[in-house]
Amino acid sequence: VAIQGPYFVAQLTERPLEIQLRNLDLAVQRLKQVERLQAGGRASRYELLRARVERANQEPRVIQARSDRDIALLEVKRLLNVPVEQPIVLTSVLDPDALQAFVTGVANDSTPDPTRAAVRSAEYSLDARKQGIRVARADMLPSVSAFFQTGYLALPSNNGLPTVWGEASSTICPPASPATRICQNNGWFPDRNFGVQIQWPLFDGFRAKGNIDLAQAQRRVAEVELSQQQEQVQLERAEARAEFARARAAYDAQRDNAREAEEAFRLASLRFERGLDTQLDASAVQLQLLVAKTNEATSIFDLYIAAAELARARGLPIPLEWQSVVIRA
């Protein structure tokens, strides 16, 4: 996505260069035409000098347009991590005729808008805050714990560890002991114990209530943030659709204007060749053609950017698979 802006800028600077080169070619052709007319006595020296000045004035514009194109390509190389001395070629072109299918596809795209990442993050945050309330309320409940211990216990009659398992019986008692006496052999006897413990703090200085109030406040904040994110996404989508509609209308107008400027220039060239118009009139029409073509290229650039922004606002992939860069060896 980061390369698309500079890529479009490079494409936009390529188009003015083509327009300026064509304008220079037209100026050269008009100069030759005026030279022929002057040789035939149908044009004055003033018109010849004016044609030469117009041709000379076009050269700096071509140089500037070429410089802008080279700088834009350098930015593309920087983002693609391509060496500065490595030539690259932008394979796609800003074709007004091929743009119609692209514009129609974007305008008629009925794909449901997926949930934006910012909205999904706010939803997850709200769920976490709701769970935090449950955790805080758990402090109000009693805590129950159970334990179980097992081992072996020996009470030896002398120093050292017993070497036998424990046994308790009347048969191992000393002689003359009462019959009811039970004696043990000082061995290892199993020792097991278990228990259950219940704790219920009846008063904790309102600590649990404070935690619950804090968790509820955090949940309300998360709800407000989610609502703000949803409103922001809706606003961005509405603005993107409005900008796309504006760019589309501007492109349609500039495209028709460029076609009419082409026709006007063709007629002006014929009228000047036949002596019906002056060179000043032909130059003015040529300037209008230059402006119209430049505005058309700018409108194409704006339309592509508006389409990309609309896709981003909707959370859809950028529909610009056609663009590519060829690196020359």
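Residues numbered from 1 in each chain as written. Predicted model: local features only at pLDDT ≥ 70, side-chain atom pairs only at ≥ 80, totals over all residues. Heavy atoms only, no water.

Novice: Could you give an account of the overall build of the protein chain, with specific residues and numbers?
Specialist: Counting secondary structure elements, the protein chain contains 6 helices and 6 strands. Relative to the compact-globule value of 20 Å for 329 residues, the protein chain shows a C-alpha radius of gyration of 44 Å, a clear excess of over 25%. If you line up the protein chain on its principal axes, its C-alpha atoms span 160 × 50 × 35 Å. Looking at the protein chain as a whole, 31% of its 329 residues qualify as buried. (Helix = DSSP H or I, 4+ residues; strand = E, 2+ residues; numbered from the N terminus. Rg over C-alpha atoms; globule rule 2.2 N^0.38 Å. Buried < 20%, exposed > 50% of the residue type's maximum accessible area, 1.4 Å probe, protein only.)

Novice: Quick one: what's the story with a nonpolar patch on the surface, residue by residue and with numbers?
Specialist: A contiguous nonpolar patch, built from W200, L202, F203 and F206 and spanning about 610 Å² of accessible area, is present on the exposed surface. Note that W200 resides in the loop between β5 (189-199) and α5 (207-273). (Patch = residues over 30% accessible without salt bridge, like charges linked within 9 Å, V, L, I, M, F, W, Y side chains within 5 Å. Areas by Shrake-Rupley, 256 points an atom, 1.4 Å probe, with all protein chains shown as cover. Salt bridge = Lys/Arg side-chain N within 4 Å of Asp/Glu carboxyl O.)

Novice: Go over the pattern of salt bridges, please, and point to the residues and values.
Specialist: This structure, assessed with the given rule, holds 20 salt bridges. Here R50 makes a salt bridge to E54, at a shortest N to O gap of 3.5 Å. Taken together, the positions of R50 and E54, both in helix α2 (residues 45-80) and 4 residues apart, correspond to about one turn of that helix. Assessed through its relative accessible area of 17%, E54 is described here as buried. With a shortest N-O distance of 2.6 Å, R266 and E263 are connected by a salt bridge. Of this pair, R266 and E263 both sit in helix α5, separated by 3 residues, roughly a single helical turn. Note on R266: relative accessible area 42%, which makes it partly exposed.

Novice: Account for the confidence of the model for the protein chain, with residues named and values stated.
Specialist: Overall, the predicted model of the protein chain reaches an average pLDDT of 83, with 93% of residues at or above 70. Predicted confidence in the protein chain is weakest over strand β6 (residues 325-327), with a mean pLDDT of 48, and strongest over helix α4 (residues 117-137), with 92. For residues 324-329, every residue scores under 50 in pLDDT, and the model assigns this stretch 22 contacts once sequence neighbours within four places are set aside. (pLDDT = per-residue confidence, 0-100. Contact = heavy atoms within 4.5 Å.)

Novice: Tell me what's going on with unusual backbone geometry, and back it up with residues and numbers.
Specialist: Residues other than glycine predominantly adopt negative phi, and peptide bonds predominantly adopt the trans conformation. Positive phi outside glycine occurs at N81, with the angle close to 60°. One can find N81 in the loop between α2 and β1 (88-90). The exposed category is assigned to N81, whose relative accessible area is 70%. Even without being glycine, N186 reaches a positive phi, approximately 60°. Considering the arrangement of structural elements, one finds N186 in the loop between β4 (183-184) and β5.

Novice: So what's going on with the packing of helix α1 (residues 4-39) against α5? Which residues, and what values?
Specialist: The N-to-C vectors of α1 and α5 enclose an angle of 15°; their axes lie 11 Å apart at closest approach. Viewed along their axes, α1 and α5 adopt a mutual orientation that is roughly parallel. Taken as a pair, α1 and α5 cross one another with a handedness that is right-handed. Here R22, L26, R30, Q33, V34 and L37 of α1 lie close against α5, whose contacting residues are E262, F265, S269, F272 and E273. The residue inventory of the contact of α1 with α5, partitioned by class, reads 5 nonpolar, 2 polar and 4 charged. (Axes fitted to C-alpha atoms, helices over the stretch in contact; angles between N-to-C directions. Parallel < 35°, antiparallel > 145°, perpendicular 65-115°, else oblique. Left-handed = near helix turned anticlockwise from the far one by under 90°. Nonpolar A, V, L, I, M, F, W, Y, C, P; charged D, E, K, R; others polar.)

Novice: So what's going on with the nonpolar core? Which residues, and what values?
Specialist: Residues L99, F102, F244 and L303 are the most contacted members of the largest nonpolar core, which totals 27 residues. Breaking this core down by element, the ones donating at least two residues are α1, α2, β1, α3 (99-107), α5 and α6 (279-314). In terms of residues, this core owes the most to one element, α6, which gives 9 residues. Those residues within four positions of F244 in sequence are excluded, and the remaining contacts are V103, V106, A107, L303, A306, A307 and L310. Residues V34, L37, F272 and A282 belong to the second largest nonpolar core, which totals 8 residues. (Core = buried A, V, L, I, M, F, W, Y, C linked by side-chain atoms within 4.5 Å.)

Novice: Talk me through the side chain of K77; I want residue IDs and the actual numbers.
Specialist: Assignment of secondary structure puts K77 in helix α2. Contact partners of K77, with chain neighbours within four places excluded, come to V82, P83, V84, Q86, P87 and I88.

Novice: Which residues make up α2, and what values do they have?
Specialist: Compared with the 52 Å implied by 1.5 Å per residue over 36 residues, the 53 Å span of α2 between its first and last C-alpha is a close match. For α2, the full list of buried residues reads E47, L48, A51, E54, Q58, V62, A65, R69, A72, L73, V76 and K77. After α2 finishes, the residue N81 shows a positive phi value of roughly 60°. (Expected span 1.5 Å × (residues − 1).)

Novice: Could you give an account of α3, naming the residues involved and the relevant values?
Specialist: For α3, every residue scored as buried is listed here: L99, F102, V103 and V106. Along the axis of α3, the buried positions cluster into a sector of 95°, meaning they face one direction only. (Arc of directions from axis to C-beta.)

Novice: Tell me what's going on with the side chain of Q20, and back it up with residues and numbers.
Specialist: Looking at where Q20 falls in the secondary structure, it is placed in helix α1. With relative accessibility at 13%, the residue Q20 sits in the buried group. Once you skip the residues sitting within four places of it in the chain, Q20 turns out to touch Q58, R61, V62, A65 and L290.

Novice: Describe the state of the cysteines, listing the residues and the values that go with them.
Specialist: Scanning the model with the defined rule gives 1 disulfide in all. Note that C173 is cross-linked by a disulfide to C183, the S-S spacing being 2.1 Å. Linking C173 and C183, the disulfide has an S-S dihedral of approximately 115° and is accordingly described as right-handed. Separated by 10 residues along the polypeptide, C173 in the loop between β3 (168-169) and β4 and C183 in strand β4 bring together distant segments of the chain. As far as the burial class goes, C173 and C183 line up, both buried. (Disulfide = S-S within 2.5 Å.)

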